[in-house]
Amino acid sequence: MTASSSAGPAVSDSLWSAFLPLLPFMVIVFAGLTATGMALPVVPRHVHDTLGQGTVMVGFVMGVQYLSSVFARMWAGGTADTRGPRLAVLCGFGASCGVGLLYLASVHATDSQRGALGLVLAARMLTGVAESFIVTGSMAWASARLGPAHTGKVIGWIGMAVFAGLGASAPLGTAIYAALGFGGVAVAVLATALAGLAFASFVAGVTPSPLPKLSPLRVLGVVKLPGFGLTLCSLGFAMITAFAVLLFAQRGWGGGALAVTSMGVGFIIGRLLFGHLPDRVGGARVSFACVLVEAVGLAMIWLAPHPALAWAGAALVGGGYGLAFQGLGVEAVRRAPPQSRGSAMGAYIVFQDVAMGLAPPLGGLLAAGAGLEAVYLAAALGAVGSAAVAWTLMRRS
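S.K.: Explain the packing of helix α3 (residues 55-83) against helix α13 (residues 341-370) to me, please; I cannot follow it from the model alone.
M.R.: Helix-helix packing is described using two parameters, namely the angle between the two axes and the distance between the axes. Close contact between α3 and α13 brings their axes to 8 Å; oriented N to C, the two are set at 175 degrees. Accordingly, the angle class assigned to the pair α3 and α13 is roughly antiparallel. The class makeup of the residues in the contact of α3 with α13 is 16 nonpolar, 12 polar and four charged.

In structure tokens form, the structure reads like this:
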């Protein structure tokens, strides 16, 4: 029996009903995002302070991961559909091990700033490949187990594992960096990736469907409208990830990495409280309300006179963005045939990668001319644009 012909386990309407069936895939994604996420809060400092680069280069280094993901995401989805999602996930962890090795090599090349910067850039590009294969493969794997009626639950729980990994890895990476330097972070990335690879190798795979798959261009056409909404609402996530540490330092505040953690906490709380709604009432309707919440959170960061208000704004961004991602994802994946849903999920997330790749360097240019605060105002306007896309999807439905 193929994965697409399997009915999957009986899962009720409750979000929690899918927790145990999805737990192995959540552990896989948590390990993968912890491995790659530990470097997120320290790479900007390493590039800016140790390698002596400016905000534009910091933005480029942080964004290049998502540029490589644009190509890797479709590759990962195609691999999951044709050769099985388990293989895609294992390839992702292999790439994560390479990320750790490249970071470690860059530490020993700091006598040549260009050489060290080149190795960090290569690691960030490979991070895009690793994250694409781990997340896209895990979502396709989980969807094959539960069936298409539970797409929202799959996106909900896997997404929570993504943000749990990012949220846990930010303070962990910061602490390791403070104690052991960038080399310690590199070793931690490698060790965590190896642990994830070992765990995933023991989870049973699924047989890919033999039915003809949609071409990549057709898949992109299927998901383009919800994907465009995702691009616009991903700007806030991109700006917090790339510039929160520098914004807090500029304002004389500590705890910049906690903005990323707060965003992850908000993401998880929002999914736990409302993650059942996209499957029940429709993804577009949920997304419309939640991107407006995200816009409010970004405005709070823009105007915050105190770090506590900025942390609260980041939590609202996480909650709103998490549910919008889930809702728009339901709208995207339901448009694809079962045998191409891995590719559809990969294509949908490509639109996030576009935002994550272009927003940091463009945000760096904006910050150089108008200050770091301006990037959060721009992201808030993007969230309002995403609400317009969600409204269009609602009207079409």
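S.K.: Got a minute to help me understand the nonpolar core in this structure?
M.R.: It is characteristic of soluble globular proteins that their nonpolar side chains tend to be buried jointly. L22, V43, Y103, I240 and Y376 are the most contacted members of the largest nonpolar core, which totals 116 residues. Here the element with the most residues in this core is helix α6 (residues 151-200); it accounts for 18 residues. Setting aside anything within four residues of it in sequence, one finds Y103 in contact with A39, V43, V120, A123, R124, T127, F182 and A186.

S.K.: In this structure, what is going on with helix α5 (residues 113-146)? I would like to understand it.
M.R.: Residues that lie three or four places apart on an α-helix share one face, since the helix turns once every 3.6 residues. The terminal C-alpha atoms of α5, which comprises 34 residues, lie 49 Å apart, in line with the 50 Å expected from a rise of 1.5 Å per residue. The element α5 is largely enclosed, with a buried count of 24 among its 34 residues. Phi turns positive one or two residues past the end of α5, at G147, with a value near 100 degrees.

S.K.: Where do I start with the layout of surface pockets in this structure?
M.R.: A water-sized probe rolled over the atoms picks out the places where empty space is left. As a volume, the second largest pocket reaches approximately 230 Å³. Lining the second largest pocket are 15 residues, and of these G270, F274, C290, G319 and L323 sit closest to its centre. Within the residue set of the lining of the second largest pocket, elements represented by two or more residues are α9 (257-274), α11 (283-303) and α12 (307-333). Taken together, the residues of the lining of the second largest pocket break down into 10 nonpolar, four polar and one charged.

S.K.: Help me understand empty space enclosed by the protein in this model?
M.R.: For the structure shown, the criterion picks out two cavities of 30 Å³ or more. Space inside the largest cavity adds up to approximately 280 Å³. What lines the largest cavity is a set of 25 residues, among which E131, V162, L166, F237 and Q352 lie closest to the centre. Breaking the lining of the largest cavity down by element, the ones donating at least two residues are α1 (19-37), α3, α5, α6, α8 (235-250), α9, α12 and α13.

S.K.: Just to check I follow, could you spell out the packing of aromatic side chains for this structure?
M.R.: Any pair of aromatic rings gets described here by the distance separating the centres and the angle formed by the planes. Scanning the model with the defined rule gives 10 aromatic pairs in all. Measuring from centroid to centroid gives 5.0 Å for W75 and F133, while their planes differ by 90 degrees, and the two rings are edge-to-face. Within this pair, whereas W75 is found in helix α3, its partner F133 is found in helix α5, the two being separated by 58 residues in sequence. Its relative accessible area of 4% is what places F133 among the buried residues. Here F237 and Y321 contribute two aromatic rings whose centre-to-centre distance is 5.6 Å and whose plane-to-plane angle is 20 degrees, an arrangement assigned as stacked. Remark: Y321 occurs in helix α12 and F237 occurs in helix α8; sequence separation between them is 84 residues. Given a relative accessible area of 7%, F237 falls into the buried group. Exposure remark for Y321: the relative accessible area of 1% places this residue in the buried category. Members of the aromatic cluster, connected to one another through ring pairs, are F237, Y321, F325 and Y348.

S.K.: Quick question: what am I supposed to make of the packing of α5 against α6 here?
M.R.: Running from N to C, α5 and α6 cross one another at 150 degrees; their axes reach a closest spacing of 8 Å. Between α5 and α6, the crossing angle belongs to the class labelled roughly antiparallel. Relative to α6, α5 is oriented so that their crossing is right-handed. Along the contact surface, α5 presents V135, M139, W141, A142, S143 and L146, while α6 presents V154, I155, I158, V162 and A200. Split into classes, the residues belonging to the contact of α5 with α6 amount to 10 nonpolar, one polar and no charged.

S.K.: Help me out: how do you make sense of the state of the cysteines in this one?
M.R.: A covalent bond bridging the sulfur atoms of two cysteines is what the word disulfide describes. By the definition in use, this model includes zero disulfides. With no disulfide partner, C97 has as its closest neighbouring cysteine sulfur the one in C91, 12 Å distant. The exposure class of C97 is buried, given its relative accessible area of 10%. C233 forms no disulfide, and the closest cysteine sulfur to it belongs to C290, at a distance of 9.9 Å. The exposure class of C233 is buried, given its relative accessible area of 0%.

S.K.: I would appreciate a short explanation of the environment of S138 in the present structure.
M.R.: The residue S138 is located in helix α5 in this model. Considered as a pair, S138 and I158 are 20 residues apart in the sequence and their alpha carbons are 7.9 Å apart. With residues up to four places along the chain from it excluded, the contact list for S138 reads F25, I28, V29, V89 and F133.

S.K.: Teacher, can you tell me more about the pattern of salt bridges here?
M.R.: In a structure, side chains of opposite charge can pair up when their charged atoms sit close to one another. In this structure the tally under the stated criterion is four salt bridges. Of the charged contacts, one joins R251 and E373 as a salt bridge, the two residues approaching to 3.7 Å between their closest N and O atoms. Taken as a pair, R251 in the loop between α8 and α9 and E373 in the loop between α13 and α14 (374-396) lie far apart in primary sequence, 122 residues in all. Accessibility expressed as a relative area gives 23% for E373, which makes it partly exposed. Measuring nitrogen to oxygen at the nearest pair gives 2.9 Å for the salt bridge that ties E331 to R334. Residue class for E331 comes out buried when judged on its relative accessible area of 4%. Residue R334 is classed as partly exposed on the basis of its relative accessible area of 48%.

How each quantity is defined
Residues numbered from 1 in each chain as written. Predicted model: local features only at pLDDT ≥ 70, side-chain atom pairs only at ≥ 80, totals over all residues. Heavy atoms only, no water. Axes fitted to C-alpha atoms, helices over the stretch in contact; angles between N-to-C directions. Helix = DSSP H or I, 4+ residues; strand = E, 2+ residues; numbered from the N terminus. Parallel < 35°, antiparallel > 145°, perpendicular 65-115°, else oblique. Nonpolar A, V, L, I, M, F, W, Y, C, P; charged D, E, K, R; others polar. Core = buried A, V, L, I, M, F, W, Y, C linked by side-chain atoms within 4.5 Å. Buried < 20%, exposed > 50% of the residue type's maximum accessible area, 1.4 Å probe, protein only. Contact = heavy atoms within 4.5 Å. Expected span 1.5 Å × (residues − 1). 1 Å grid on protein atoms, 1.4 Å probe; cavity = no way out; pocket = protein on both sides within 12 Å on 5 of 7 lines; lining within 4 Å. Points joined across faces, edges and corners; volume = space filled by probe spheres on them. Phe/Tyr/Trp six-rings, centres within 6.5 Å; stacked < 30°, edge-to-face > 60°. Left-handed = near helix turned anticlockwise from the far one by under 90°. Disulfide = S-S within 2.5 Å. Salt bridge = Lys/Arg side-chain N within 4 Å of Asp/Glu carboxyl O.

Taken by themselves, the reported measurements are silent on function.
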